[in-house]
Amino acid sequence: MNNYIASRYDLFLNDLETVVNIDSGTHFIQGVERVITYFEERFSALQWYPQRHQFPGEVGPCLEVSNIHPSSEQGTYDILCLGHVDTVFQEGTAQARPFSIIGDRGMGPGVIDMKAGLVAILHVAETLQEFGIAEKLSICIAFNSDEETGSGASRAWIEALARRSKRVFIFEYCRPGGHHVLQRKGIGGYQIFCYGKAAHAGVEPEKGINA
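Predicted model, so just to flag it, every value in this text is computed and none were measured. (Residues numbered from 1 in each chain as written. Predicted model: local features only at pLDDT ≥ 70, side-chain atom pairs only at ≥ 80, totals over all residues. Heavy atoms only, no water.)

J.: Sorry, what's going on with the sheet that holds strand β7 (residues 168–170) here?
T.: The strands making up a sheet associate through hydrogen bonds between their backbones, and the pairing can be parallel or antiparallel. The strand order β1-β2-β6-β3-β7 describes an open sheet built from 5 strands, whose pairing is mixed. Lying at the two open borders of the sheet, with one neighbouring strand each, are β1 (49–53) and β7. Direction aside, neighbouring strands of the sheet carry axes that sit 20 degrees apart on average. Of the strands in this sheet, β1, β2 (62–66) and β6 (139–144) touch helix α3 (residues 29–45), which is tilted by about 160 degrees from β1. Each of β3 (79–84) and β6 is contacted by helix α5 (residues 111–130), which is oriented at about 150 degrees to β3, the strand it contacts most. (Pairing = 2+ DSSP bridges. Helix = DSSP H or I, 4+ residues; strand = E, 2+ residues; numbered from the N terminus. Axes fitted to C-alpha atoms, helices over the stretch in contact; angles between N-to-C directions. Contact = heavy atoms within 4.5 Å.)

As C-alpha cells, this is what we get:
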C-alpha cells in the first residue's frame, strides 16, 4: 500500500493544484460549487454516493459522500471524515497568486486551510477502494461550505452525522512538526439591544434618554 500511495504523489499534487486554483471564499458561491463538483465527480468515479445539501443562508452547497447507498438502513458509520471547501480569500486571489511549489512547500490560497486536507480525504478513499478495504467499512465524508464563518448553516447536519459515527477524523492541518490539534478555542456571539428616548438636543434635551 505504501508503494501505491507513493506512486500517486504527482496525482495528489495535480489535484491540489486544481482545487487551490479555484477561488472558493465562503460567499463566492460559484467557486464553492466548482470545488464541490470536482470532488463529487471523483467520488462518483469510485461508485460511492455523493449527495449535495443546500442549507438556508447565503452559502454554497455542502457535500455528503458515503460508500453505503443512501437508501440503506445503515445506522452508524465506522468512520466520518470532515473538511471544509470554503476559504477566507476573495475572488481573484487564486489568479493573482496561483498554486506553486517553493522548495518542498506547496503555496497558494487555501492550500493548508484546508484544500490539502480535502485532497487527502479523496486519496484515502481511493486507496481504501483500491485495496478492497472500503467494502469492509461504512464510511461517510462531509465537506461543508461555511466553516470560515462559523458553520452556522451546516452545524446541525455535521452534528447529526457525528452522532451516527463511531470515529470522526478532521483533516484540518497540523501544527509545525506534525503536532495534532485536539481542541480549539471557542467563539462567542452577542447581540446588544439599547433603548433610548428621542428628543431635540438643542431645544429640549432634558426630555431625552441617551441609549
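Now that the structure has been shown, the text picks up again.
J.: What is the right way to look at unusual backbone geometry in this model?
T.: What you tend to see is this: most non-glycine residues have negative phi, and most peptide bonds are trans. Residue M114 is reached from D113 by a cis peptide bond, and omega for that bond is -5 degrees. You can see M114 is positioned in helix α5. For Q47, which is not glycine, the phi dihedral falls at a positive 65 degrees. Despite not being glycine, S151 has its phi angle at roughly 60 degrees, a positive value. Take S151: it is sitting in the loop between β6 and α6 (155–163).

J.: So what exactly am I meant to see when it comes to the packing of α3 against α5 here?
T.: The description of two packed helices rests on the angle between their axes and on the distance between the axes. Taken N-terminus to C-terminus, the directions of α3 and α5 make an angle of 10 degrees; their axes are 11 Å apart at the nearest point. Looking at the two axes, α3 sits roughly parallel to α5. Between α3 and α5, the contacting residues are V35, F39, R42 and F43 on the first element and K115, L118, V119, L122, H123, A125 and E126 on the second. Looking at the contact of α3 with α5 residue by residue, the classes come out as 7 nonpolar, 1 polar and 3 charged. (Parallel < 35°, antiparallel > 145°, perpendicular 65-115°, else oblique. Nonpolar A, V, L, I, M, F, W, Y, C, P; charged D, E, K, R; others polar.)

J.: How do you make sense of the pairing of β2 when you look at a structure like this?
T.: Regular strands show a simple pattern: their side chains alternate between the two faces of the sheet. With 5 of 5 residues buried, β2 lies mostly within the body of the structure. Burial along β2 is two-sided: the residues C62, E64 and S66 and L63 and V65 are all buried. Relative to β2, β1 runs antiparallel, the two sharing 5 bridges. The residue bridging P50 from the neighbouring strand is V65, located in β2. Inspection of the sheet shows β2 paired to β6 by 4 bridges, in the antiparallel sense. If you follow S66 over to β6, its bridge partner there is C140. (Buried < 20%, exposed > 50% of the residue type's maximum accessible area, 1.4 Å probe, protein only.)

J.: Would you take a moment to explain helix α2 (residues 9–20) for this structure?
T.: Note that an α-helix has 3.6 residues per turn; residues three or four places apart therefore point the same way. Helix length check: α2 (12 residues) gives 16 Å between terminal C-alpha atoms against 16 Å at 1.5 Å per residue, within 8%. Within α2, the full set of buried residues consists of L13, D15, L16, V19 and V20. Looking straight down α2, one finds that the buried residues subtend no more than 160 degrees of arc, so they occupy a single side. Among the structural elements, α3, α4 (93–96), β4 (100–102) and α5 are those in contact with the buried residues of α2. (Expected span 1.5 Å × (residues − 1). Arc of directions from axis to C-beta.)

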